[in-house]
Amino acid sequence: MILELKNIEKSFGEKKVLTGVSFKAEGGKAFGLLGRNGAGKTTSIRILMDVFPANSGEVLIDGKPIDYSKVGFGYLPEERGLYPKKVIIDQLAYFAELKGMTRKDAIKSIDYWLERLGMMEYRNKRLDTLSKGNQQKIQLITALAHDPDIVILDEPFSGLDPVNAMLLKDVVKEQITKGKIVLFSSHQMSYIEEFCDSIAILNKGVVALHGDLRDIKRDYPRDRLVVRTVQPDAIISDFGDTCKVMENGDLLIRLRVPEEKKAVMTRLVQNYDIDEVKVFEPSLNDIFVEYAGDAAVEGEK
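Position labels on residues start from 1 in each chain and follow its written sequence. Reporting in this predicted model follows two pLDDT cut-offs: at least 70 for local features of residues, and 80 or more for side-chain atom pairs to be given and counted; totals over whole chains, interfaces and linings ignore these cut-offs and use all residues. For side-chain calculations, the full set of non-hydrogen atoms in the structure is used, while hydrogens and water are omitted.

**A closer look at the sheet that holds strand S3 (residues 30–35)**
Next, step 1: Strand pairing follows a simple DSSP-based rule, namely that at least 2 bridges must link the two strands. Helix and strand labels come from DSSP, where a helix needs a run of H or I of at least four residues and a strand needs a run of E of at least two; each type is numbered from the N terminus. If you walk across this open sheet you meet the 6 strands as S6-S7-S8-S3-S9-S10, and the pairing is mixed. Edge strands, defined here as strands with exactly one partner in the open sheet, are strand S6 (73–76) and strand S10 (206–212). Within this sheet the neighbouring strands show an average axis-to-axis angle of 15°, counted without direction.
Next, step 2: By the bridge criterion, 6 bridges tie strand S9 (residues 196–203) to S10 in an arrangement that is antiparallel. What sits directly across from Ala200, in S10, is His210.
Next, step 3: Contact between two residues is taken to exist if any of their heavy atoms lie within 4.5 Å; hydrogens are not considered. With axes taken as lines fitted to C-alpha atoms, and helix axes fitted only over the stretch in contact, angles between N-to-C directions fall between 0 and 180 degrees. Set on the sheet, helix H4 (residues 132–144) makes contact with S6 and strand S7 (150–154); between it and S6 the angle comes to about 165°.
Next, step 4: Packed on one face of the sheet, helix H10 (residues 284–292) meets S3, S9 and S10 and runs near 25° to S9.

This is the structure:
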């Protein structure tokens, strides 16, 4: 299954929110939809889910207009939408029935997920008796109980402790293994980098960058070296303005041209006590800052 947003335009009154937004996500892979607050992520997701229509453009499945009666969506919103005073099993069954499940099938699926997420003891309790992290897991069940084809997770790890975050990771990996399209929207770049094969970065309603994350990193100029050493001051003195200290204490040396990489590495190893030297590869956080920041320009790279 291939999901595609194609040339999506959206305005609210005089305010243009999305301008020609296009990206693709594939089944069996995770896709990261990134951007700062107000970049257009939530609007794109709502158009994708048919909450409201685009002014123009298409949402396609395998190259054809999406049939919402045949494609199931599971959505974990950033802003939680459950009823705090209601019994958990009752409202979970209610949401599953809204997605077309029979009551019997809904209860069976919900009980599976309550057991899977270690939440069975809360089955007949009110939601407001649970911790924030456990409420998050109940919200997740609403997104998964009806076995959707496309799973959209908006800040899914918010409020989770490390143990529950690991549990959620396992659940997400299972959904990907089953061939589903899993779409992440998050500001926690470490999770996006861990799960997502492809990304799109929105900046002011425009796709500033889109593609396979590995290819994006590989396309960056290989003109910087990362050096770990016990002699940073000597190397800084030697390399001058081309060398700077990174946040973690390693050194970053900018080469005049990528072709001098081998010669500079040899120079470092022969003259200094070097623990590690390697070509700098940008993190997703570095890429995000470059393309989602105020200084980013569409099509710059």
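After that view of the structure, there is still more to cover.
**A word on a nonpolar patch on the surface**
Next, step 1: Patches here are clusters of residues that have more than 30% relative accessible area and form no salt bridge, with a 9 Å joining cutoff for like charges and a 5 Å cutoff for nonpolar side chains (Val, Leu, Ile, Met, Phe, Trp, Tyr). Only the protein chains shown count as cover for residues, and all accessible areas are computed by the Shrake-Rupley method using a 1.4 Å probe. By salt bridge we mean one thing: a side-chain nitrogen of Lys or Arg within 4 Å of a carboxyl oxygen of Asp or Glu. Together, Tyr83, Tyr94 and Leu98 make up an exposed nonpolar region whose accessible area comes to about 330 Å².
Next, step 2: Mapped onto the secondary structure, Tyr94 falls in helix H2 (residues 88–98).
Next, step 3: Summary of the burial criterion: residues with accessible area below 20% of their type's maximum are buried, those above 50% are exposed, and those between are partly exposed, where the area comes from a 1.4 Å probe applied to protein chains only. Since its relative accessible area comes to 42%, Tyr94 is described here as partly exposed.

**A short note on the side chain of Asp154**
Next, step 1: Locating Asp154 in the fold gives a position in strand S7.
Next, step 2: For the buried residue Asp154, which engages in no salt bridge, the nearest side chain bearing the opposite charge is Lys41, 6.7 Å off.
Next, step 3: Residues within four places of Asp154 in sequence aside, it is in contact with Thr42, Tyr75, Leu76, Pro77, Glu78, Arg80 and Ser185. In this charge count, Lys and Arg are treated as positive and Asp and Glu as negative; neither His nor the chain ends contribute.

**A short note on unusual backbone geometry**
Next, step 1: A positive phi angle, near 50°, is found at Asp62, a position not held by glycine.
Next, step 2: You can see Asp62 is positioned in the loop between strand S4 (56–61) and strand S5 (64–65).
Next, step 3: Non-glycine residue Asp147 carries a positive phi angle of around 55°.
Next, step 4: By secondary structure assignment, the location of Asp147 is in the loop between H4 and S7.

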